Amino acid sequence: MKRLLIISLAISTVGLGLFLAFRSDDLPQNTSKNSADLKTTQSQKTNEQPVGGTTELVIGNADAAITIVEYGDYKCPKCNDFHQKAGKDIRREWVDTGKAKIIYRPYPLFGEDSGLALYASFCAAEQGKFAAYHDKMFAYMWGNYFSKGDLDATTAKLFTPEKLGELAHGAGLSGTEFTTCAGGQSHADAYNTAVDKAAGDEVQGTPTLIIGGQKIIGSQPYNIYKALLQIQ
């Protein structure tokens, strides 16, 4: 296994203890198990499509040769910074061209409503519109809060069921179907499975990207991600 490349500049948040403290009885529960080994991203190939019985949140061609695993939270300031900067370059040069896919995994650190919004990602994927929902969520947070330096948004309860329904509708989803799904438990197993993988991958904060078994923590310049993608 390759030696891990851990880049710790500008880590956006704190570790797993705070992550677990933000669990809610109203959301699918995490039962994370510790693991000493980092799972190598290259072994995490998936042919699952983001429709119906979704088990992974995939952006791009599920058969793409390169897998990028991203742990994030829509209310995370540094996740938003990454999405607006290096993330757009990665999407344009690697994902949109079919060279790589992103497997997005929820890591809810910023309140109960973060968990609800992340869980609802699977409802968007059920309609084949996870990428649109994902982008809408980050655009909302960036345009209304983080681009203006408003970090109070991280502690405010922003993602009510009504707001999520509004954002989902703006992303082209069926509102009634989405709202019913987001208020239920039909994707609890998939959500819990995705969250549980953070422990095995030794994730401590967001955003964390894993490329070829190597971790990049925080919002970093595009060239750092590009260097790893080029050797895959």
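Residues numbered from 1 in each chain as written. Predicted model: local features only at pLDDT ≥ 70, side-chain atom pairs only at ≥ 80, totals over all residues. Heavy atoms only, no water.

Novice: Describe the state of the cysteines, listing the residues and the values that go with them.
Specialist: As used in these notes, a disulfide is a covalent bond between sulfur atoms, one from each of two cysteines. Per the stated rule, a full pass over the model turns up one disulfide. Residue pairing for Cys 123: its cysteine sulfur links by disulfide to Cys 181, the two sulfurs lying 2.2 Å apart. A torsion of -80° about the S-S bond marks the disulfide between Cys 123 and Cys 181 as left-handed. With Cys 123 in helix α4 (residues 112-126) and Cys 181 in helix α7 (residues 175-182), the pair connects residues that are 58 residues apart, well separated along the chain. As far as the burial class goes, Cys 123 and Cys 181 line up, both buried. (Disulfide = S-S within 2.5 Å. Helix = DSSP H or I, 4+ residues; strand = E, 2+ residues; numbered from the N terminus. Buried < 20%, exposed > 50% of the residue type's maximum accessible area, 1.4 Å probe, protein only.)

Novice: Would you mind going over the packing of aromatic side chains in detail, with residue names and values included?
Specialist: Per the counting criterion, the structure on display carries 10 aromatic pairs. With 6.0 Å between their ring centres and 40° between their planes, Tyr 104 and Phe 130 make a pair best called tilted. Of this pair, Tyr 104 sits in strand β3 (residues 100-106) while Phe 130 is found in helix α5 (residues 130-144), placing the two residues 26 residues apart along the sequence. Neither residue differs from the other here; Tyr 104 and Phe 130 are each classed as buried. Taking the centre distance of 5.7 Å and the plane angle of 45° together, the rings of Tyr 133 and Phe 178 count as tilted. One end of the pair, Tyr 133, is in helix α5; the other, Phe 178, is in helix α7, and 45 residues separate them in sequence. As far as burial versus exposure is concerned, Tyr 133 and Phe 178 are alike and both buried. Ring pairing ties together the aromatic residues Tyr 74, Tyr 104, Phe 130, Tyr 133, Phe 138 and Phe 178, which thus form one cluster. Above the face of the Trp 94 ring, Lys 99 is positioned so that its terminal group lies 5.0 Å from the ring centre. (Phe/Tyr/Trp six-rings, centres within 6.5 Å; stacked < 30°, edge-to-face > 60°. Lys NZ or Arg CZ within 6 Å of the ring centre and 35° of its normal.)

Novice: Please set out the side chain of Ser 219 residue by residue, giving values where relevant.
Specialist: Locating Ser 219 in the fold gives a position in the loop between β5 (214-217) and α9 (222-229). For Ser 219, the side chain forms a polar contact with the side chain of Asp 81, separated by 2.6 Å. Among the polar contacts listed, one links the side chain of Ser 219 to the backbone nitrogen of Phe 82, at a separation of 3.2 Å. (Polar contact = N/O pair within 3.5 Å; in protein donor to acceptor, adjacent residues only side chain to side chain.)

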